[in-house]
Amino acid sequence: MSSVLLPEITLSLRLGAARLAKGLEVRGGVVLALTVPADVTAASLSLTVSGLRLELPGSDLLNLLIPGGPVFEGDVAARAGATGVRFEGGGRDGIALRLGSAPAGLRAPSLYLTPRAGALRFVASFGASLLGLADVTVDGVGAEVALPPGGVVPVPPAGIGLVLSLGPAKGGGRLESSDGRYSGAVALRLGVVEVKAFAILQPRPMSLLAVLSAEFIPPIELGLAFTLNAVGGILGVNYAIDRAGLETAVQAGHLDDILFPADPAAAAPQILSTLQSVFCMRPGSMVVGPMFRLGWGRPVSFVTADIGLVLELPSGVIGLLGRLRVALPAPQAPVIDLRAGVAGIVDAANGLVEIIADLAGSRLLFSPIAGGLALRVKSGSDATFILSAGGFHPSFPVPAAFPAPKRLSIAIADSPLLKIIFTGYFAVTPGTVQAGAALSASIGTPGTGVSGQLGFDALVRWEPSFGMVLDLYGSFHLRVGGASLCSVDLRVRVEGPTPCWHVAGRACVSLFFLDVSFPFDEHWGCTSQVTAPPPPDVLGKLREAVDDPRNWQPILPDNIGTLATLKADMDDPRLLHPLGRLRFSQRVVPLGVAITRFGPGRLPVATPFNVAVAFGAGAAGTAAPCKEQFARADFFDLTDEEKLTQPAFEAMRSGDELTPPSGPTAPGQPVQVLYETKWIGERGHGVPGIRWPLSDDSLVAALSHGAVARSSVHVDRARYAATGGAPRILKGRQYTIATTHTLAEKSPASRTATFTEAAVALADMKDRSRMYQVVPAHEVLR
């Protein structure tokens, strides 16, 4: 029996040129062929598209690189069979088209086709010359065509590389696309100057953040062993300072990524991440400022200081970025390497100054040094002053939103069998000075060995004279096989020197199964009365404040378009507008409240002080109280605990503001108004004419057509902006009296605007005052 093989059959379908979409057309045609060999299972279907012409949407960058336009032409071939569909040139990046033509001047051009959900994406990569000055590499630029062929959407480049070699200028860099942003770094060498730049660009909505630095090799001599090592700048369009991110960057030691990084190529990802955390996008805002690196020392700069000042517009906030390094004997091989990152905010509109610093990366020989510093100076209704190096006293409540610094610590020895660590802190608040230190040591393993510690916490006070509260502690433990053989614990509190020295505490000794405790409480050096400074002359100082012209201030009237400007007197430039107000305010002592002390001095009895401000005899008007911020610890007897927990500053009455009565303040005086006719030019040669009297009716009619009436100041009435503005959303802080155990409010009528007013009301309750306490109103039970 014989078999007959069927011949191979090929069916072809040819289509001519066609325009698929704007910028996309087929010029050579489309061939669809079905091939059926003798073995039917080997049948295949092939598709060939010849002369596929793609014109990429143009842009300013592409027009510079490709003067003739970004046009590519290539072929697509695919075959489908029993094993699946295979495209010629298929790879990870898509289907590589066989290019038939590409714009002149491109290096290694390539075009890829990638099927997308409901669309086809064409992307090209190539190298080109930028105006003959630099070589540019563009990756992933193209267009996306919707199916069926319709709209075309531009595809921005996935990355842009730059290589520059123009005489003494050599360098390069790259921008990468991620989440709609372009970010990257550029390094350039211009003779003895090395320029580095980092940028983040977002096209829509448009925003730009760039950091530029130029390093001088060798540094520029400034004299007295000072050198200028580098300069730079920060520019951000639609960017603002992120204060929380700035604090985090300082405490993590990442300011090095912004201020003249040592190895920008290797640290580029971290640098760009730090930039995005320190600066946040904010439409309508802008940041700009210079950077400097100064050095000191011979023969190399073993002390360097990096300083960056950033101005945020239109808010006017000033940001400080700084880094200080002391490396002895030389930065290349330092024995002592102290590094401090510093950041600060100056917000004049809100009366705020904040500075934070951290010693991240510091070392003494082989011992790491850690710790931080924070400063806050605030004026206004929540005024305060806080300075902390290494933290606070254990019983001090850290203020809200205050960047509590790390403990100052030095690891003198840090090995598996020997650990010696020193820690410390120092802090100043309006009512306290705090300091503390501890030294801990451990020899051996956690189960067998010796460990111990010594430390203290101190709180300085000034009442009624200088003194302090000092808490000392220490311990010693001997362990063998996880069991404690011997231990000694000591806790001591020392108070003094006035009214006397007082020491109390407890010592505990444990030996095997025997525990012995030794409590003690002793006084010595006591006197019958405390030697206090003479009573302060508060009344005399208040009288001086009343006589001080600087405490009297004229206030312009509200919502009045004042057209007249008062001429200042050289002897006394303060002039009061006829419709304005007069303000008296002093900062010597709060008025209307009984005080018991004045700074370090005490008053014999609690005494209130007051100042009555009024118009002269026969003049009407109203007086409203005005307030200033006063430190409570300077005027009231507060315990150490109260100094730590109660408000440091409060707004209390400092004077009065006088408002004149409404209506005319003086009788009108009739004045004859004269006018004259004057010719300007050759006819009259500027000679004045005859003066004529002007009637009242004519004067009133002429006023509405004069230069003053037609001026924008008079029409808009905007020379002095109206006060008030948007209504308040947040309620002001209030205090109230609540029960000690349940925090139930005594009465809503007991709420006051300040802690001091609530404390006075609590003191008036006399015998029942121990049952209640003063708390913020938002803490009471509803």
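Overview of the structure. (Residues numbered from 1 in each chain as written. Predicted model: local features only at pLDDT ≥ 70, side-chain atom pairs only at ≥ 80, totals over all residues. Heavy atoms only, no water.)

If you tally the helices and strands in the chain, you get nine helices and 46 strands. The buried share of the chain, reckoned over its 782 residues, is 35%. Considering only contacts within the chain whose residues lie at least 6 apart along the sequence, 50% involve residues at least 24 apart. Of the roughly 44800 Å² of accessible surface on the chain, 63% is carried by carbon and sulfur atoms. (Helix = DSSP H or I, 4+ residues; strand = E, 2+ residues; numbered from the N terminus. Buried < 20%, exposed > 50% of the residue type's maximum accessible area, 1.4 Å probe, protein only. Contact = heavy atoms within 4.5 Å. Areas by Shrake-Rupley, 256 points an atom, 1.4 Å probe, with all protein chains shown as cover.)

What follows is about the pairing of strand β10 (residues 107-116). Looking along a regular strand, one sees side chains alternate from face to face of the sheet. Pairing of strand β8 (residues 94-96) with β10, which is carried by two bridges, proceeds in the antiparallel orientation. When the sheet's bridge partners are listed, A96 is paired in β10 with Y112. The sheet contact formed by β10 and strand β11 (residues 119-130) spans eight bridges and is antiparallel. Note that in β11 the partner of R116 across the bridge is A119. (Pairing = 2+ DSSP bridges.)

Most peptide bonds adopt trans geometry, and most residues besides glycine take a negative phi value. With omega at 5°, the peptide bond leading from L313 into P314 counts as cis. Within the secondary structure, P314 sits in the loop between β21 (303-313) and β22 (318-328). You will see that A108, though not glycine, has its phi angle at about 50°, which is positive. Relative to the helices and strands, A108 resides in strand β10. Although it is not a glycine, N238 adopts a positive phi angle of roughly 65°. Overall, the relative accessible area of 22% leaves N238 in the partly exposed class.

Glancing now at the sheet that holds strand β42 (residues 649-659). On the basis of which strands lie adjacent, the open sheet formed by four strands has the order β37-β38-β42-β41 and antiparallel pairing. Among the strands making up the open sheet, the edge pair consists of β37 (552-555) and β41 (622-631). Direction aside, neighbouring strands of the sheet carry axes that sit 30° apart on average. Where β41 lies against β42, 10 bridges are found, and the strand directions are antiparallel. Looking at the pairing, T622 lines up with T659 of β42. (Axes fitted to C-alpha atoms, helices over the stretch in contact; angles between N-to-C directions.)

To continue, consider the packing of aromatic side chains. For the structure shown, the criterion picks out six aromatic pairs. Geometrically, the ring pair formed by F598 and F635 is edge-to-face, given 6.1 Å between the ring centres and 65° between the ring planes. Remark: F635 occurs in the loop between β41 and α5 (640-645) and F598 occurs in strand β39 (residues 594-598); sequence separation between them is 37 residues. Judged by centre distance (5.9 Å) and plane angle (80°), the ring pair of F630 and F635 falls under edge-to-face. The same class applies to F630 and to F635, which are both buried. (Phe/Tyr/Trp six-rings, centres within 6.5 Å; stacked < 30°, edge-to-face > 60°.)

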